[in-house]
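This is what each chain is made of:
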Amino acid sequence: MAKQNTFHFLCNLYNIFPPVGKYLSWRGKMISRYLASCGKNLKVASRVNIYDPSKLTIGDNVYIGYNTYIGGGNVELDDEVIIGPFVCIVAGNHTQKEGSYRFGKYEYGKIKIGRGTWLGAHTTITANVTIGQGCVVAANAVVTKDVPDFTMVGGVPAKFIKHTQ
């Protein structure tokens, strides 16, 4: 727990730097030390919240946008993933206990985002979803089901729009 507390302290400290230029790489280098694994050239904007960095795997040349939340279970971001601002990637769910979600146990799931995929601003990716490579998730979409390779989806819940290749 001390390692996770240190991670969150450092993330908050690094938020004093603007979300541009060399500071994106500085944040990426700091964060990469706490992840399950991380490739080269991670760039991270400010105010990113990674709930449990030990459950996050990141490939090469990934960009995580301003004010993104990642957590709730195991998350894998393949090479060249772009995450827009205000994205929510939650790989877990609450369950009910005696008719209430407040004290139900938490179920951990997983999310995989394929190589070269772009998650537009304000998108939400829910637990146990795989998004293939070369996909586009349109702004404000909520992805609740798997997305095949080279597909654009959008809407709530996200639906097929077109092929990207």
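Residues numbered from 1 in each chain as written. Predicted model: local features only at pLDDT ≥ 70, side-chain atom pairs only at ≥ 80, totals over all residues. Heavy atoms only, no water.

Asker: Describe the environment of Ser32, with residues and values.
Answerer: One can find Ser32 in helix 2 (residues 22-32). With a relative accessible area of 24%, Ser32 lands in the partly exposed category. As a C-alpha pair, Ser32 and Gly154 span 122 residues in sequence and 30 Å in three-dimensional space. (Helix = DSSP H or I, 4+ residues; strand = E, 2+ residues; numbered from the N terminus. Buried < 20%, exposed > 50% of the residue type's maximum accessible area, 1.4 Å probe, protein only.)

Asker: Lay out the environment of Lys40 with the relevant residues and their values.
Answerer: Relative to the helices and strands, Lys40 is located in the loop between strand 1 (37-38) and strand 2 (43-44). Distance in space between the C-alpha atoms of Lys40 and Asn61 is 6.2 Å, their sequence separation being 21 residues.

Asker: An account of the environment of Val81 is needed here, citing residue identities and associated values.
Answerer: Tracing the sequence through the fold places Val81 in the loop between strand 7 (73-77) and strand 8 (82-83). By relative accessible area, Val81 is classed as buried at 0%. With 31 residues separating them in the primary sequence, Val81 and Ile50 have C-alpha atoms 16 Å apart. The residues touching Val81, leaving out its near neighbours within four places in the chain, are Asn61, Val62, Tyr63, Ile113, Gly114, Gly116 and Thr117. (Contact = heavy atoms within 4.5 Å.)

Asker: Can you break down the pairing of strand 17 (residues 151-154) residue by residue, with the values?
Answerer: A regular strand places its side chains on the two faces of the sheet in alternate fashion. Bridge count between strand 15 (residues 136-137) and strand 17: two bridges; the pairing is parallel. Its bridge partner being in strand 17, Val136 is matched across the sheet by Met152. The sheet contact formed by strand 17 and strand 18 (residues 159-163) spans four bridges and is antiparallel. Opposite Met152, over in strand 18, you have Lys162 as the bridge partner. Linking two consecutive strands that pair antiparallel, namely strand 17 and strand 18, is a turn of four residues; a positive phi of about 105 degrees is found at Gly155 within it. (Pairing = 2+ DSSP bridges.)

Asker: Could you give an account of the packing of aromatic side chains, with specific residues and numbers?
Answerer: Tallied over the entire structure, the rule returns six aromatic pairs. Measuring from ring centre to ring centre gives 5.3 Å for Phe7 and Tyr34, while their planes differ by 55 degrees; the resulting arrangement is tilted. In this pair, Phe7 sits in helix 1 (residues 2-14) while Tyr34 sits in the loop between helix 2 and strand 1, placing the two residues 27 residues apart along the sequence. The class for Phe7 is buried, based on a relative accessible area of 0%. Overall, Tyr34 belongs to the buried group, its relative accessible area being 15%. Taking 5.6 Å as the distance between ring centres and 70 degrees as the angle between the ring planes, the aromatic pair formed by Tyr66 and Phe86 counts as edge-to-face. In this pair, Tyr66 is assigned in the loop between strand 5 (63-64) and strand 6 (69-71) and Phe86 in the loop between strand 8 and strand 9 (88-90), connecting sequence segments 20 residues apart. Given a relative accessible area of 35%, Phe86 falls into the partly exposed group. (Phe/Tyr/Trp six-rings, centres within 6.5 Å; stacked < 30°, edge-to-face > 60°.)

Asker: Could you give an account of the pattern of salt bridges, with specific residues and numbers?
Answerer: Applying the stated rule across the entire model yields three salt bridges. Between Glu76 and Lys112 there is a salt bridge whose closest N-O contact spans 3.6 Å. In this pair, Glu76 is assigned in strand 7 and Lys112 in strand 11 (residues 106-113), connecting sequence segments 36 residues apart. Since its relative accessible area comes to 32%, Glu76 is described here as partly exposed. One salt bridge connects Lys112 with Asp78, and the closest N-O pair in it is separated by 3.4 Å. (Salt bridge = Lys/Arg side-chain N within 4 Å of Asp/Glu carboxyl O.)

The quantities given are spatial measurements derived from coordinates; they are silent on function.
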